[in-house]
Amino acid sequence: AQTVTQSQPEMSVQEAETVTLSCTYDTSESDYYLFWYKQPPSRQMILVIRQEAYKQQNATENRFSVNFQKAAKSFSLKISDSQLGDAAMYFCAYRRYNNNDMRFGAGTRLTVKP
Amino acid sequence: DVKVTQSSRYLVKRTGEKVFLECVQDMDHENMFWYRQDPGLGLRLIYFSYDVKMKEKGDIPEGYSVSREKKERFSLILESASTNQTSMYLCASSLVRGEDRAPLHFGNGTRLTVT
């Protein structure tokens, strides 16, 4: 079974600074997707960024970027110029290419200090 | 935008009650999912459905059942609620095919308390 590990239960960052959230996963598959979801206090899970495993280029969405290391099975999220609205739980997730099931990590709670 | 709507934001039920959690999506997605979210455990899949009347067990199906009579609606049923089913329940949907089939689209969650 695939597992997703987020080793940082909590992180904090100063407003305008950069923070990196870690995620590792375990799989024997070669084709899969990786995701970062954000869950603010409103509880709505919002897709932040996605990465297809076959793409070598790291995905970027505005202030959010990933460092995808396929051989190391690592998928970290970097948030640049952190804003107060970035405060949330962040979940790393894995989905096999032709499979309906999505696996989630335990989450990292990010606090942004003004 | 995809909208996934869960009928209740908060529910309080008594032990032994039969509980229905309802979820509706408006984008004609084939796949629908029920997850349970607990602190330190992330999201765990209870059941999913890839078509009307079709269902597959996830990681923690015990104590739960599901119903999908219409494509847009996926119900989670707690046959006899127990205190260890106190949790946040998240419904999600996704496409089966196409470029956008990969991500899940989530509802706002139902926080269920069983007393």
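Before any of the text, the structure's been laid out above.
Residues numbered from 1 in each chain as written. Chains lettered and ligands numbered in written order. Predicted model: local features only at pLDDT ≥ 70, side-chain atom pairs only at ≥ 80, totals over all residues. Heavy atoms only, no water.

## A few points about the pattern of salt bridges
And then number 1: As enumerated under the stated definition, the model contains ten salt bridges over all chains in all.
And then number 2: Note that K55 of chain A is salt-bridged to E52 of chain A, the shortest N-O span being 3.8 Å.
And then number 3: Judged by its relative accessible area of 36%, K55 of chain A is partly exposed.
And then number 4: Between E79 of chain B and K18 of chain B there is a salt bridge, with the nearest N and O atoms lying 3.6 Å from each other. Residue E79 of chain B is found in the loop between strand 8 (73-78) and strand 9 (87-94), and its partner K18 of chain B is found in the loop between strand 2 (10-13) and strand 3 (19-25); the two are separated by 61 residues along the sequence.
And then number 5: Judged by its relative accessible area of 45%, K18 of chain B is partly exposed.
And then number 6: Because the salt bridges share partners, they merge into one network encompassing R50, E52 and K55 of chain A. (Salt bridge = Lys/Arg side-chain N within 4 Å of Asp/Glu carboxyl O. Buried < 20%, exposed > 50% of the residue type's maximum accessible area, 1.4 Å probe, protein only. Helix = DSSP H or I, 4+ residues; strand = E, 2+ residues; numbered from the N terminus.)

## Regarding the interface of chain A and chain B
And then number 1: Taken together, the contact pairs 21 residues of chain A with 29 residues of chain B.
And then number 2: Linking chain A to chain B there are one salt bridge.
And then number 3: The partner of D59 of chain B in a salt bridge is R103 of chain A, and the shortest N-O contact between them spans 2.5 Å.
And then number 4: The interface formed by chain A and chain B contains ten residue pairs in polar contact (both at pLDDT 80 or more).
And then number 5: When residues of the side of chain A that touches chain B are traced back to their parent elements, those giving at least two are strand 5 (32-39), strand 6 (46-52), strand 10 (88-96) and strand 11 (102-104) of chain A.
And then number 6: Of all the elements, strand 5 of chain A adds the most residues to the side of chain A that touches chain B, at four residues.
And then number 7: In the side of chain A that touches chain B, the residues fall into ten nonpolar, five polar and six charged. (Contact = heavy atoms within 4.5 Å. Polar contact = N/O pair within 3.5 Å; in protein donor to acceptor, adjacent residues only side chain to side chain. Nonpolar A, V, L, I, M, F, W, Y, C, P; charged D, E, K, R; others polar.)

## Observations concerning unusual backbone geometry
All names here are of chain A.
And then number 1: Phi at N62 is positive, roughly 55°, even though this residue is not glycine.
And then number 2: On the secondary structure map, N62 appears in the loop between strand 7 (60-61) and strand 8 (64-69).
And then number 3: Look at N62 and you get exposed, because its relative accessible area is 75%.

## Comments concerning the nonpolar core
Residues and elements named next belong to chain A.
And then number 1: In terms of nonpolar packing, the biggest core is built from 25 residues, with Y25, W36, F75, L77 and Y90 touching the most fellow members.
And then number 2: Among the secondary structure elements, those contributing two or more residues to this core are strand 3 (19-21), strand 5, strand 6, strand 8, strand 9 (74-79), strand 10 and strand 12 (108-113).
And then number 3: Examining the composition of this core, we find that four residues originate from one element, strand 10, more than from any other.
And then number 4: Discounting chain neighbours no more than four positions away, the residues touching F75 are C23, Y25, L34, F35, W36, Q51, V66, N67, F68 and C92. (Core = buried A, V, L, I, M, F, W, Y, C linked by side-chain atoms within 4.5 Å.)

## A look at the packing of aromatic side chains
Each aromatic ring pair is described using two quantities: the centre-to-centre distance and the angle formed by the ring planes.
And then number 1: The tally for this structure, following the rule as stated, stands at 16 aromatic pairs over all chains.
And then number 2: Ring centres 6.3 Å apart and planes at 80° place the aromatic pair F68 of chain A and F75 of chain A in the edge-to-face group. In terms of burial, F68 of chain A and F75 of chain A fall into one category: buried.
And then number 3: Ring pairs connect the aromatic residues Y33, F35, Y37, Y97 and F104 of chain A together with F33, Y35, F48 and F106 of chain B, which therefore count as one cluster. (Phe/Tyr/Trp six-rings, centres within 6.5 Å; stacked < 30°, edge-to-face > 60°.)

## Points about the sheet that holds strand 8 of chain B
Residues and elements named next belong to chain B.
And then number 1: Taken together, four strands build an open sheet; the order of strands is 1-3-8-7 and the sheet is antiparallel. With partners counted over all chains shown, the strands left at the sheet margins are strand 1 (4-6) and strand 7 (64-70), one partner each. Sheet twist, expressed as the mean angle between neighbouring strand axes with direction ignored, is 20°.
And then number 2: Pairing analysis gives five bridges linking strand 7 to strand 8, with the strands arranged antiparallel. Note that in strand 8 the partner of S65 across the bridge is I77. (Pairing = 2+ DSSP bridges. Axes fitted to C-alpha atoms, helices over the stretch in contact; angles between N-to-C directions.)

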